[in-house]
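# What the coordinates show
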Amino acid sequence: MSFITVPTGYEKTAISDLQGSWANLRNSVVENFGFPDSDKLIFHIDEAMSWEIVRNLKQMPPLLLIIKNICIQGNAPENVIENIRELEEILNEVLSEIPN
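Scope of this entry: the structure provided in the associated data block. (Residues numbered from 1 in each chain as written. Predicted model: local features only at pLDDT ≥ 70, side-chain atom pairs only at ≥ 80, totals over all residues. Heavy atoms only, no water.)

### So, the overall build of the protein
Filter applied, for reference: The helix and strand labels rest on DSSP assignments: H or I over at least four residues marks a helix, E over at least two residues marks a strand, and numbering proceeds from the N terminus. Burial status follows relative accessibility: with a 1.4 Å probe on protein chains alone, a residue under 20% of its type maximum counts as buried, one over 50% as exposed, and anything between as partly exposed. Note on contacts: a residue pair is in contact if any heavy atoms of the two residues lie within 4.5 Å. The protein chains shown are the only cover counted for residues, whose accessible areas, like all others here, come from Shrake-Rupley with a 1.4 Å probe. Charged residues are defined narrowly, with Lys and Arg counted positive, Asp and Glu counted negative, and His plus the chain ends left uncounted. Where a charge lies is defined by one atom per residue type, namely NZ (Lys), CZ (Arg), CG (Asp) and CD (Glu).
A count of helical and extended segments in the protein gives five helices and zero strands. Sequence-ordered secondary structure for the protein, helices as α and strands as β, is α-α-α-α-α. Considered along the principal axes of its C-alpha atoms, the protein spans approximately 55 × 30 × 20 Å. Taking all 100 residues of the protein together, the buried fraction comes to 33%. Of all intrachain contacts in the protein linking residues separated by at least 6 positions in sequence, the fraction that spans at least 24 positions is 61%. Summed over its atoms, the accessible surface of the protein is roughly 6,900 Å², and 55% of this surface lies on carbon and sulfur atoms. Across the protein, 7 positive and 15 negative side-chain charges occur, with their mean positions spaced 4 Å apart.

### Some points on the nonpolar core
What counts here: The criterion is simple. A nonpolar core is a set of buried Ala, Val, Leu, Ile, Met, Phe, Trp, Tyr and Cys residues joined through side-chain atoms within 4.5 Å.
With 26 residues, the main nonpolar core has Leu18, Trp22, Leu25, Val29, Leu41 and Val80 as its most contacted residues. Listed by contribution, the elements that provide at least two residues to this core are α1 (14–31), α2 (38–48), α4 (60–73) and α5 (78–97). Counting residues per element, this core draws most heavily on α5, at seven residues. Once you skip the residues sitting within four places of it in the chain, Val29 turns out to touch Phe35, Ser38, Leu41, Ile42, Ile45 and Val80.

### Re the pattern of salt bridges
Note the cut-off: We define a salt bridge as a side-chain nitrogen of Lys or Arg found within 4 Å of a carboxyl oxygen belonging to Asp or Glu.
Enumeration over the complete set of coordinates arrives at five salt bridges. When the shortest N-O distance is used, the salt bridge between Asp37 and Lys40 registers 3.8 Å. On the basis of relative accessibility, which here comes to 44%, the residue Lys40 falls in the partly exposed class. Note that Glu78 and Arg85 form a salt bridge whose closest N and O atoms lie 3.0 Å from each other.

### Focus: α5
Condition: Helices are assigned an expected span. That span is 1.5 Å times one less than the residue count.
Between its terminal C-alpha atoms α5 stretches 29 Å, which fits the 28 Å expected from 20 residues at 1.5 Å a residue. Within α5 the residues assigned to the buried category are Val80, Ile81, Asn83, Ile84, Leu87, Ile90, Leu91 and Val94.

### Concerning α1
Formally: What the arc measures is the spread of directions leading from the helix axis to the C-beta atoms.
Here α1 contains 18 residues, and its C-alpha end-to-end distance of 25 Å stays within 8% of the 26 Å for a straight helix at 1.5 Å per residue. Buried residues of α1: Ala14, Leu18, Ser21, Trp22, Leu25, Ser28 and Val29, and no others. Projected onto a plane normal to the axis of α1, the buried residues spread over an arc of 125° and lie on a single side. Looking at α1, the residues exposed on the side facing more than 90 degrees away from the buried face are Gln19 and Glu31.

Here it is, written out as structure tokens:
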């Protein structure tokens, strides 16, 4: 019987960049928590990072749009808005690399 060995490293991919970008956005919301609807943002960000959404990435853009609109309407801090911009770029890159 053979045992599976623990990998010593992982290949960096656009998906890992996307995961990191979502984590950065979530962290920036938590750090600035208290602006209008920041609690809703955490809920939607967690939903966007869920296994169901990650397995079907085409569901991510509508969630990101909801998150972006909440931030704009709630006058989110600039670093939260900047993290959304970065996330949009990475998500667009990932979606363009994945075949239909």
